[in-house]
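# A structural walkthrough
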Amino acid sequence: MNPIIEYENLKNTNKNFQDDYLRAFKEVIDSGWYILGDKVKTFETEFADFIETKYSIGVASGLDALILILKGFDFPVGSEIIVPSNTYIATILSILHCNLIPRLVEPELETYNINPSLIEENITKKTKAILAVHLYGKSCNMEAIMNIAYTYQLPVIEDCAQAHGAKFRDKKVGSFGVGAFSFYPTKNLGALGDAGAITTNSNDLLQKIRALRNYGSTTKYQNEYIGYNSRLDELQAAFLLVKLKYLSEIIIHKRKLAAIYLSSLKQDFICPIADEDYFDVYHIFNIRHPRRDQLKKYLLKCGIETEIHYPIPPHKQTAMQGIIEGTYPISEEIHQTTLSLPISFGHTENDVLRLTEVLNKF
Ligand SMILES: *Cc1c(COP(=O)(O)O)cnc(C)c1O
């Protein structure tokens, strides 16, 4: 009997970095400075360098990154934000928490990302921004999106929570518009707890969001904005500095595993498309199959764990009743057929070879 292939084992993955983590932990303790200290500052500089933006701002989570960007723009209550119907719920929640209206646009069935050719028909007088999501580790078509944004003079916000290091034509996501990143432990750049960041080239936005994350204050005990407490934790920044050094290696490893899947899986499975304009980082490697649920059960019987990202689309969530109207058939098709295969830093090429063998027998 072969050993079980887990979907992901964070403990094993993080063991690779343990010595560095422990050193970083001690440095923070010894510094005696636990909020917005040198680790946060250094991480912000290094992360901005990595994404190739002028600035980055560390915040408490990916959801907060999205909320603080929207708050930073200060759109009037009731403004509409273009957003894909096929996304993780957090993207939509950020819009609702800012008293704005999500205008859902269907994805492309081939890339799972927002379909640029459907954006224009959803732009109204009330539209104030395009919030694109780079799902599963693939960039959206940023040429098409930036062109529409330019025509209608709309800012672009990028949900990069699944796409650290992903590129469209050699330019990293998070550097086209304003980027929101999550460092939730399972993400390609994962912390040991909650954390997030915003990337931008705008000095105005930098100043405002820096204040918003810290009680709306730029000078101690003087409050210019109705702010929040959403600071990137000093300890998480220290751990993220460690992980950031390995991010390119993590991405290379995942791309190698993805290449094996792509060249070995038989045609019954609809695989993610690969195209030279796109540098994909495979936060998730999903396939689609009409008998997805049977396939998942079959794999589990063979000792292979999989996940579904996601089983219920946002517009069908109980929380969205009376808030999001309409049907989104392409989104629903994806949610009904998608299956996420193991693809982590902890998986080996042999794991993936064994997996493809089992899959091809389905
Ligand atoms: C993970 C994720 C988020 C939220 O990030 P948190 O750090 O958990 O708040 C937002 N959007 C997408 C697409 C995500 O995958």
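Source: prediction; values computed, not measured.

## Focus: the pattern of salt bridges
If the charged atoms of two oppositely charged side chains come close together, the side chains can form a pair. Counting across every chain of the model gives 14 salt bridges. Notably, a salt bridge pairs Asp280 with Lys138, separated by 3.1 Å at the nearest N-O pair. Of this pair, Asp280 sits in the loop between strand E12 (278-279) and strand E13 (285-288) while Lys138 sits in the loop between strand E4 (127-133) and helix H6 (142-152), and the two are 142 residues apart along the sequence. Residue Asp280 is classed as buried on the basis of its relative accessible area of 3%.

## Comments concerning the side chain of His335
With respect to the helices and strands, the residue His335 is situated in helix H10 (residues 329-337). A polar side-chain atom of His335 sits 2.7 Å from the main-chain carbonyl oxygen of Ser331. Once residues within four sequence positions are removed from consideration, His335 is found in contact with Asn86, Arg292, Tyr310, Pro311, Ile312, Pro313 and Pro314.

## Topic: the nonpolar core
Core analysis: the largest hydrophobic core is formed by 29 residues, its most contacted members being Leu70, Ile81 and Ile198. Contributing elements (two or more residues each) for this core: strand E1 (55-59), helix H4 (62-73), strand E2 (80-84), helix H5 (89-97), E4, strand E8 (178-182) and helix H7 (203-212). Top contributing element to this core by residue count: H4, with 6 residues. Look past the residues within four positions of Leu70 in its chain and what remains in contact with it is Phe75, Ile81, Ser94, Ile95, Cys98, Leu100 and Ile157.

## Structural notes on the sheet that holds E1
The sheet built from 7 strands is open, its strands ordered E1-E9-E8-E5-E4-E2-E3 with mixed pairing. On the outer flanks of this sheet lie E1 and strand E3 (101-105), each paired with one strand and no other. The average undirected angle you get between the axes of adjacent strands in this sheet is 25°. Bridge count for E4 against strand E5 (residues 156-159) is 4 bridges, and the pairing is parallel. Among the inter-strand pairings, Ala132 is bridged to a residue of E5, identified as Glu158. Taken strand by strand, H4 contacts E1, E2, E4, E5, E8 and strand E9 (196-200), and its axis lies near 155° from that of E8.

The rules behind the values
Residues numbered from 1 in each chain as written. Predicted model: local features only at pLDDT ≥ 70, side-chain atom pairs only at ≥ 80, totals over all residues. Heavy atoms only, no water. Salt bridge = Lys/Arg side-chain N within 4 Å of Asp/Glu carboxyl O. Helix = DSSP H or I, 4+ residues; strand = E, 2+ residues; numbered from the N terminus. Buried < 20%, exposed > 50% of the residue type's maximum accessible area, 1.4 Å probe, protein only. Polar contact = N/O pair within 3.5 Å; in protein donor to acceptor, adjacent residues only side chain to side chain. Contact = heavy atoms within 4.5 Å. Core = buried A, V, L, I, M, F, W, Y, C linked by side-chain atoms within 4.5 Å. Pairing = 2+ DSSP bridges. Axes fitted to C-alpha atoms, helices over the stretch in contact; angles between N-to-C directions.

Interpretation note: all reported values are geometric properties and have no functional meaning in isolation.
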